[in-house]
Amino acid sequence: MRHDVTIVSNRQIAKATMEMKVRCPGVEIAPGTFFHIKTSGLLRRPLSVANVEGDEITFLYKVIGEGTTELSGKRVGDTLDVLGPLGNGFPLVQHGKRVVLVGGGIGVPPLYYVRRRLHEMGIETIAILGFDSKESVFYEDAFRELGETIITTVDGSHGEPGFVTGPLARIEADVLFSCGPEAMLKAVATSPIPERYLSIENRMGCGIGACFACVCQAPGGYVKVCSDGPVFNAEEVLL
């Protein structure tokens, strides 16, 4: 579960957003799972898997604190101490079902790997991706290569103005996969789409379900995002 991985690239791709690729051979990774990255701070940083190509794993992260600032300074050839893959990912669906992927900000990356896998299975998908502004948009072309993609920006500087809930209201689908800020997840969780799965972003301690630092309220009590999730059926959590 613990790996020493080698960085093969680490570059800025949008405003305060970095793409890091590491080499980690011999690991099977389900879409929607994550890795816990060690930095010089006390706690590791959870990073979702944005893509897998052979033995290379792609992570995307925003530079917002000491840990991610440290990661942004890593160079090709440096090694990282990581735990993973951890958690439970998105359930791959059956043929004949149409899937809508709804992502907001740094919640967009895991949906790219999900969409790639579904595309390889021949399953129709549509993506709705929300960002603050044009400068914050990333992976637009990559998503468009896999099917219909709608971009929204809060300030209206690129794509449709407003939030992801606007275009979502006119989409017909059988399954919804979503990842992003809690306010966005609350909104999309009420969609009439029959099957709805949410990937929840919470601060984490251990990453393996031992410390209870990342609990989320559920109808029957609490669930641990790191080990019970991060992906939940929308009816399993109370946001």
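Numbers given for residues are sequential positions, taken from 1 along each chain in its written order. With pLDDT at 70 or above as the cut-off, local features in this predicted model cover only qualifying residues; side-chain atom pairs require 80 or more to be listed or tallied, and sums for whole chains, interfaces and linings still use all residues. Only heavy atoms go into the side-chain values, all of them from the structure, while hydrogens and water stay out.

Novice: Kindly report on a nonpolar patch on the surface, identifying the contributing residues and their values.
Specialist: A contiguous nonpolar patch, built from Phe212, Val215 and Tyr222 and spanning about 350 Å² of accessible area, is present on the exposed surface. Within the element layout of this structure, Tyr222 appears in strand β14 (residues 221-224). Buried, partly exposed and exposed residues are distinguished by accessible area as a fraction of the type maximum, computed with a 1.4 Å probe on protein chains only: under 20%, between the cut-offs, and over 50%, respectively. For Tyr222, a relative accessible area of 61% puts it in the exposed group. Nonpolar side chains (Val, Leu, Ile, Met, Phe, Trp, Tyr) are joined into patches within 5 Å and like charges within 9 Å, using only residues with over 30% relative accessible area and no salt bridge. Methods summary: accessible areas were calculated by the Shrake-Rupley approach with a probe of 1.4 Å, and residue burial reflects only the protein chains presented. Only one rule defines a salt bridge in this text: a Lys or Arg side-chain nitrogen within 4 Å of an Asp or Glu carboxyl oxygen. By definition, any uninterrupted DSSP run of H or I lasting at least four residues is a helix, any uninterrupted run of E lasting at least two residues is a strand, and each is numbered from the N terminus.

Novice: Any chance you could break down the state of the cysteines for me, citing the residues and the numbers?
Specialist: Whenever a pair of cysteine sulfur atoms sits within 2.5 Å, that pair is classed as a disulfide. Inspection of every chain in the model, using the stated rule, returns zero disulfides. With no disulfide of its own, Cys211 lies 3.7 Å from the sulfur of Cys206, the closest cysteine sulfur. With no disulfide of its own, Cys226 lies closest to Cys214 among cysteine sulfurs, the gap being 3.7 Å.

Novice: Which residues make up the packing of aromatic side chains, and what values do they have?
Specialist: Given two aromatic rings, one states the distance between the centres and the angle between the planes to describe the pair. Only Phe, Tyr and Trp rings take part, Trp by its six-membered ring, and two of them pair if their centres are within 6.5 Å. Stacked means planes under 30 degrees apart, edge-to-face means over 60, and tilted covers everything else. What the rule picks out here adds up to seven aromatic pairs. Look at Phe138 and Tyr139: their rings are 6.1 Å apart centre to centre, the planes differ by 75°, and that puts the pair in the edge-to-face class. Between Phe177 and Tyr197, the aromatic rings sit 5.7 Å apart at their centres with planes inclined by 65°, giving edge-to-face as the arrangement. Taken as a pair, Phe177 in strand β11 (residues 175-179) and Tyr197 in strand β12 (residues 195-199) lie far apart in primary sequence, 20 residues in all. With respect to class, Phe177 is no different from Tyr197; both count as buried. Joined through ring pairs, the aromatic side chains of Tyr112, Phe131, Phe138, Tyr139 and Phe143 make up one cluster.

Novice: Provide a residue-level description of the nonpolar core, including the pertinent values.
Specialist: Among the nonpolar cores identified, the biggest contains 30 residues, and Val100, Val102, Ile128, Leu168, Leu176 and Val188 are the most heavily contacted of them. Elements that contribute at least two residues to this core include exactly β6 (79-86), β7 (99-104), β8 (125-131), α5 (182-188) and β13 (215-218). Among the elements that take part in this core, α5 stands out by supplying three residues, more than any other. Residues within four places of Ile128 in sequence aside, it is in contact with Val100, Leu101, Val102, Gly103, Ile150, Val164, Pro167, Leu168 and Ile171. For this analysis, a nonpolar core means a set of buried residues of the types Ala, Val, Leu, Ile, Met, Phe, Trp, Tyr and Cys, connected via side-chain atoms within 4.5 Å. Contact criterion: two residues are considered in contact whenever any of their non-hydrogen atoms come within 4.5 Å of each other.

Novice: How would you explain helix α2 (residues 109-120) if you had to name every residue and give the values?
Specialist: For a helix, the expected span equals 1.5 Å multiplied by the residue count minus one. Taking 1.5 Å per residue, twelve residues should reach 16 Å; α2 reaches 18 Å between its end C-alpha atoms and fits that length. With respect to burial, α2 is a largely interior element, nine of its twelve residues being buried. Within α2, burial applies to Pro109, Pro110, Leu111, Tyr112, Tyr113, Val114, Arg115, Arg116 and Leu118. Within two residues after α2, Gly122 carries a phi angle of roughly 80°, on the positive side.

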